[in-house]
Amino acid sequence: MYVADSRAVAPEAPATTPSADSAARPRAGRRRAAVAPTVLALGTVSLITDVSSEMVTAVLPLYLVAGLGLSPLGFGLLDGIYNGFSALVRLVGGHLADRGGGRHKWVAGAGYALSAACKPLLLVAQTLTPIGLVLAADRTGKGLRTAPRDALISLSSTPENRGRAFGVHRAMDTAGALLGPLVAFLILRATVDGYDAVFMVSFCVAVVGVLVLVLFVPGGAATQAGAARPSDTGAGAVRPSDTGARAGSGAMSEPASGSGSGPAYNSSSGAGAVYSSEAGAESESGAGAGTASGAAGLECATGADTGAPARPAPAPRPTLRAALALLHRPELRRIAVCALLLGLATVSDSFVFLLLQRRLGVPDRWFALLPLGTAAAFLLLAVPLGRLADRTGRWRVFVGGHGALLLAYALLLSSWQGTAAACAVLLLHGGFYAATDGVLMAAASDSVPSELRSSGLALVQTGQALARFVCSLGFGAAWTAWGDRTALTASALLLALCAVLALGLRPLRPSVPSEGLA
């Protein structure tokens, strides 16, 4: 699936200090890996963590409704907390990661660790209030980790393959979601106190995921450097001997990979010169001056003959005000509004599985296997739909995914019965997630500068999660008052209306975001 990373050697290539996005673009004569190693490492962490979390998610609806006797309204409240509480801290997590100057990994790690610590607490929580508190703490961990993790994926990939990178990560994540319910099902069949055993095994697996993150995932700053840095023998590598040998031979101009940002630096024996060019070619002169062949312009810098590259001024430290000001960008604002509207009509997975069980009469012992259908469809479709989004447009695929969800609602409301109906619903449900989850983050990444990537993605995720929290509360209340069929009919009508509005509010044609805070 992945292309080996091969780099051609180019003589006397200068050191560069590129921006996050421009640095990630491969230069001519050098092929980059189709998916960065950071994406694969994060995918492994998500796979392990999803085995843990989906073990709990698969049994939690039945545990709360059949085991503890909660009403649909009470379950709707807990399900809303489970799916929407993370919205309250996602922006905080994204802001902390951006402010830390490369702390994406450690903010995400704190979130993973907090969620892991909550798993055994479900053993002692038996009533609505303590269960709600445990689930809120668990979702706080998810809120802390989601935006920094997605920012690491975005910063380690190029704009051209960002949809594929998110698709690969979501596919690995979904592989864990596929295994989690299966492990829970086997534990329930093999043990007497099945729920307690599920919660403890889930905790142990979550701890393994945290260890993999700590040991194998680079930090945010290392991720950007890794995306920009070629191999020691590849293009762009500067050897100490090269620096000394070229002293006094002239200045060199370096292309900015088509983005107009990320100038290259070189100093000669006299005055050091800094050039940035979009022409894609290098030029060298013996008179100590270089000519930039693009439209990026010329900057002159003077300094001592140190043989070291000139250092750019440090970037302004991101602030919460700057993060919130991202909503002034029309592109990001439209994406956030559309995600919020569509989230208002997205019935949670737990309710979908409970509806399937009621319609088909699935025995309790088989309930944990229902998420396998959704996870399997997600796993098979995440990468193809991510690549399709890169080629044809991310917004089309995103809205089309909600069309698949609408068809799933229609099948649940129809008179079609049997195993084939359940398989069709689960296939459409998994296709919905494959077409929306990673694709939305890839679309939002195009409109957010790299230094505020975590905060920008968190803004979109916060609005969507809050909307789904409201939807869970409303659906549970409607089910309690009018029945499940009426509640689902209202949700389907609302989803159709929101999809039409999302088509009307579709984002403008995306442009390469500026890399500064101004």
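Remember, it's a predicted structure, so these values are computed and weren't measured experimentally.

> Explain the overall build of the protein chain to me, using residue names and the numbers behind them.
Counting its regular elements, the protein chain contains 18 helices and seven strands. When burial is assessed residue by residue, the protein chain has 53% of its 518 residues classed as buried. Carbon and sulfur atoms make up 65% of the accessible area of the protein chain, which totals about 21,300 Å².

> Could you give me a rundown of the pattern of salt bridges, with the residues and numbers involved?
All chains considered together, the criterion is met by eight salt bridges. Among the ionic pairs, Arg 170 bridges to Asp 437, the shortest N-O distance being 3.3 Å. With Arg 170 in helix H7 (residues 162–190) and Asp 437 in helix H16 (residues 419–445), this pair connects stretches of sequence that are 267 residues apart. Residue class for Asp 437 comes out partly exposed when judged on its relative accessible area of 31%. When salt bridges that share partners are traced, they join Arg 149, Asp 150, Arg 170 and Asp 437 into one network.

> Summarise empty space enclosed by the protein; cite the residues concerned and give the values.
Where empty space is left in the structure can be found by rolling a water-sized probe over the atoms. For the coordinates displayed, the defined rule picks out seven cavities of 30 Å³ or more. There is about 1,000 Å³ of room inside the largest cavity. In terms of lining, the largest cavity is formed by 43 residues, of which the most central are Glu 54, Lys 142, Asp 349, Tyr 433 and Asp 437. Breaking the lining of the largest cavity down by element, the ones donating at least two residues are helix H2 (37–67), helix H3 (72–84), helix H6 (128–155), H7, helix H13 (349–360), helix H14 (370–392), H16 and helix H17 (453–482).

> I'd like a rundown of the nonpolar core, residues and numbers included.
Core analysis: the biggest nonpolar cluster contains 111 residues, and Leu 135, Val 460, Phe 475 and Leu 488 have the highest contact counts within it. If one sorts the elements of this core by residue count, H2 sits on top with 14 residues.

> I'd love a proper account of the packing of aromatic side chains, names of residues and values included.
According to the stated counting rule, one finds ten aromatic pairs in the structure shown. Following the ring pairs from residue to residue traces out a cluster consisting of Phe 75, Phe 351, Phe 475 and Trp 479. Stacked on the ring of Trp 366, the Lys or Arg Arg 189 has its end atom at 6.0 Å from the ring centre.

> Just give me the short version of the confidence of the model for the protein chain, but keep the residues and values in it.
Confidence along the protein chain averages 74 in pLDDT terms, with 70% of residues attaining 70 or more. Note on residues 1–30: pLDDT under 50 across the span, and 89 contacts to partners over four residues away in sequence or across chains. In this model, residues 510–518 is a region of pLDDT below 50 whose contacts with residues beyond four sequence positions or in other chains number 25 contacts.

> Give me the lowdown on the packing of helix H5 (residues 104–118) against H6, citing residues and values where you can.
Running from N to C, H5 and H6 cross one another at 150 degrees; their axes reach a closest spacing of 7 Å. Judged by the angle between their axes, H5 and H6 are roughly antiparallel. Here H5 and H6 pass one another in a crossing that is left-handed. Residues that form the contact of H5 with H6 fall into these classes: twelve nonpolar, five polar and five charged.

> Outline the packing of H5 against helix H8 (residues 194–216), listing residues and values.
At a closest axis distance of 9 Å, the pairing of H5 and H8 adopts a crossing angle of 170 degrees. Our classification of the angle between H5 and H8 gives roughly antiparallel. Listed contacts from H8 to Lys 105, Trp 106, Ala 108, Gly 109, Tyr 112, Ala 113, Ala 116 and Ala 117 of H5 are Phe 203, Ala 206, Val 207, Val 210, Leu 213 and Val 214. Tallied by class, the residues present in the contact of H5 with H8 amount to twelve nonpolar, one polar and one charged.

> Which residues make up H14, and what values do they have?
Taking 1.5 Å per residue, 23 residues should reach 33 Å; H14 reaches 32 Å between its end C-alpha atoms and fits that length. Most pronounced at Leu 381, the bend in H14 amounts to some 40 degrees, and the proline Pro 384 follows within four residues. Turning to H14, the residues buried within the fold contact H2, H7, H13, helix H15 (394–413) and H16.

> Tell me about H2, and name the residues and values.
For H2, spanning 31 residues, the distance from its first C-alpha to its last is 43 Å, which sits close to the expected 45 Å at 1.5 Å a residue. Extensive coverage of H2 is indicated by the burial of 24 of its 31 residues. Directly after H2, the chain includes Gly 69, whose backbone phi takes a positive value near 75 degrees.

> Any details on the environment of Gly 504? Residues and values, ideally.
Turning to its location among the elements, Gly 504 is positioned in helix H18 (residues 484–504). Taking the relative accessible area as the measure of exposure, Gly 504 reaches 56% and is therefore exposed. It is 9.5 Å that separates the C-alpha atoms of Gly 504 and Cys 338, two residues lying 166 residues apart in sequence.

> Any details on the side chain of Ser 350? Residues and values, ideally.
On the secondary structure map, Ser 350 appears in helix H13. The exposure class assigned to Ser 350 is buried, which follows from its relative accessible area of 9%. Within the local environment of Ser 350, its side chain forms a polar contact with the side chain of Asp 79, the two groups lying 3.3 Å apart.

> Outline the side chain of Ser 348, listing residues and values.
In this structure, Ser 348 sits in the loop between helix H12 (330–343) and H13. We classify Ser 348 as buried; its relative accessible area is 9%. Once residues within four sequence positions are removed from consideration, Ser 348 is found in contact with Asp 79, Asn 83 and Ser 472.

Rules used in this analysis
- Residues numbered from 1 in each chain as written.
- Predicted model: local features only at pLDDT ≥ 70, side-chain atom pairs only at ≥ 80, totals over all residues.
- Heavy atoms only, no water.
- Helix = DSSP H or I, 4+ residues; strand = E, 2+ residues; numbered from the N terminus.
- Buried < 20%, exposed > 50% of the residue type's maximum accessible area, 1.4 Å probe, protein only.
- Areas by Shrake-Rupley, 256 points an atom, 1.4 Å probe, with all protein chains shown as cover.
- Salt bridge = Lys/Arg side-chain N within 4 Å of Asp/Glu carboxyl O.
- 1 Å grid on protein atoms, 1.4 Å probe; cavity = no way out; pocket = protein on both sides within 12 Å on 5 of 7 lines; lining within 4 Å.
- Points joined across faces, edges and corners; volume = space filled by probe spheres on them.
- Core = buried A, V, L, I, M, F, W, Y, C linked by side-chain atoms within 4.5 Å.
- Phe/Tyr/Trp six-rings, centres within 6.5 Å; stacked < 30°, edge-to-face > 60°.
- Lys NZ or Arg CZ within 6 Å of the ring centre and 35° of its normal.
- pLDDT = per-residue confidence, 0-100.
- Contact = heavy atoms within 4.5 Å.
- Axes fitted to C-alpha atoms, helices over the stretch in contact; angles between N-to-C directions.
- Parallel < 35°, antiparallel > 145°, perpendicular 65-115°, else oblique.
- Left-handed = near helix turned anticlockwise from the far one by under 90°.
- Nonpolar A, V, L, I, M, F, W, Y, C, P; charged D, E, K, R; others polar.
- Expected span 1.5 Å × (residues − 1).
- Bend = angle between axes of the 7 residues up to and from the residue.
- Polar contact = N/O pair within 3.5 Å; in protein donor to acceptor, adjacent residues only side chain to side chain.

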